[in-house]
Amino acid sequence: MITCVVHYTIDPAQIEAFERFARAWMRLVARHGGVHHGYFLPAEGASDRAEALFSFDSLAAYERYRARFGHDPEFVAADAIRDESGCVVRYERTFMRPLLPDDDMTVAR
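Fair warning: this is a prediction, and the values are worked out from it, not measured in the lab.

### As for the packing of helix H1 (residues 15-31) against helix H3 (residues 73-85)
Between H1 and H3, the least distance of the axes is 9 Å, while the angle of their chain directions is 160°. Our classification of the angle between H1 and H3 gives roughly antiparallel. Remark: the crossing between H1 and H3 carries left-handed chirality. Residue-level inspection shows Ala 17, Arg 20, Phe 21, Ala 24, Trp 25, Leu 28 and Arg 31 of H1 in contact with H3, the latter providing Glu 74, Phe 75, Ala 78, Asp 79, Ile 81, Arg 82 and Ser 85. Its residues assigned to classes, the contact of H1 with H3 shows eight nonpolar, one polar and five charged.

### Considering H1
Owing to its 3.6 residues per turn, the α-helix aligns residues three or four sequence positions apart on the same side. Taking 1.5 Å of rise per residue, the 17 residues of H1 would be expected to cover 24 Å, and the 24 Å separating its terminal C-alpha atoms lies within 8% of that figure. Within H1 the residues assigned to the buried category are Ala 17, Phe 18, Phe 21, Ala 22, Ala 24, Trp 25, Leu 28 and Val 29. Down the axis of H1, the buried set is contained in an arc of 165°. They therefore lie on one face. Opposite the buried face of H1, by more than 90 degrees, sit the exposed residues Glu 16 and Ala 30. Buried-residue contacts for H1 involve strand S1 (2-10), strand S2 (35-40), strand S3 (49-56), helix H2 (59-66), H3 and strand S4 (88-96). Just downstream of H1 lies Gly 33, where phi reads positive at about 95°.

### Concerning the sheet that holds S2
With respect to topology, four strands assemble into an open sheet ordered S2-S3-S1-S4, the strand pairing being antiparallel. Edge positions in the sheet fall to S2 and S4, since each has one partner strand and no second. Adjacent strand axes in the sheet meet at a mean angle of 15° when their direction is disregarded. Bridge analysis of S2 against S3 gives five bridges, and the strand direction is antiparallel. Considered in S3, the bridge of Phe 40 is made with Glu 51. H2 contacts S1, S3 and S4 of the sheet and is inclined by roughly 115° relative to S3.

### So, the side chain of His 36
Inspection of the secondary structure assignment puts His 36 in strand S2. From its side chain, His 36 meets the backbone nitrogen of Gly 38 in a polar contact 2.9 Å long. Reaching out from His 36, the side chain makes a polar contact with the backbone oxygen of Leu 53 at a distance of 3.4 Å. Excluding its chain neighbours within four sequence positions, the residues that come into contact with His 36 are Trp 25, Met 26, Val 29, Ala 52, Leu 53 and Phe 54.

### Some points on the pattern of salt bridges
Applying the stated criterion to the full structure yields five salt bridges. Linking Glu 51 and Arg 49 is a salt bridge whose minimum nitrogen-to-oxygen distance equals 3.3 Å. Residue classification places Arg 49 among the partly exposed positions, given a relative accessible area of 43%. A salt bridge links Asp 72 to Arg 68; the shortest N-O distance between them is 3.1 Å. One continuous salt-bridge network, built from bridges that share partners, spans Asp 79, Arg 82 and Asp 83.

The rules behind each value
- Residues numbered from 1 in each chain as written.
- Predicted model: local features only at pLDDT ≥ 70, side-chain atom pairs only at ≥ 80, totals over all residues.
- Heavy atoms only, no water.
- Axes fitted to C-alpha atoms, helices over the stretch in contact; angles between N-to-C directions.
- Helix = DSSP H or I, 4+ residues; strand = E, 2+ residues; numbered from the N terminus.
- Parallel < 35°, antiparallel > 145°, perpendicular 65-115°, else oblique.
- Left-handed = near helix turned anticlockwise from the far one by under 90°.
- Contact = heavy atoms within 4.5 Å.
- Nonpolar A, V, L, I, M, F, W, Y, C, P; charged D, E, K, R; others polar.
- Expected span 1.5 Å × (residues − 1).
- Buried < 20%, exposed > 50% of the residue type's maximum accessible area, 1.4 Å probe, protein only.
- Arc of directions from axis to C-beta.
- Pairing = 2+ DSSP bridges.
- Polar contact = N/O pair within 3.5 Å; in protein donor to acceptor, adjacent residues only side chain to side chain.
- Salt bridge = Lys/Arg side-chain N within 4 Å of Asp/Glu carboxyl O.

In short, shape yes, function no, at least from these values alone.
Okay, structure coming up:
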């Protein structure tokens, strides 16, 4: 499994547009074989940071999903929300592999 972590700098005045953008991408990731773990939006403190995490079974599966960018109408429409609103100032993607707890792990007391 590979997890894509996206670090966003957003325009706080466009948070509603960012939420529309995020919901569109959550649907697309799920529709094309990934698992979206959600977007994490500002609550307190810095109001221009947001994060997203989503996973695919492999980098090859992610690349198949990514190949749709720029020409699949649904992907183009999702990007148009970002482009037209200016809700995303910049973003950076990092790929990570999760280390998950073993099934037999228990919480220390």
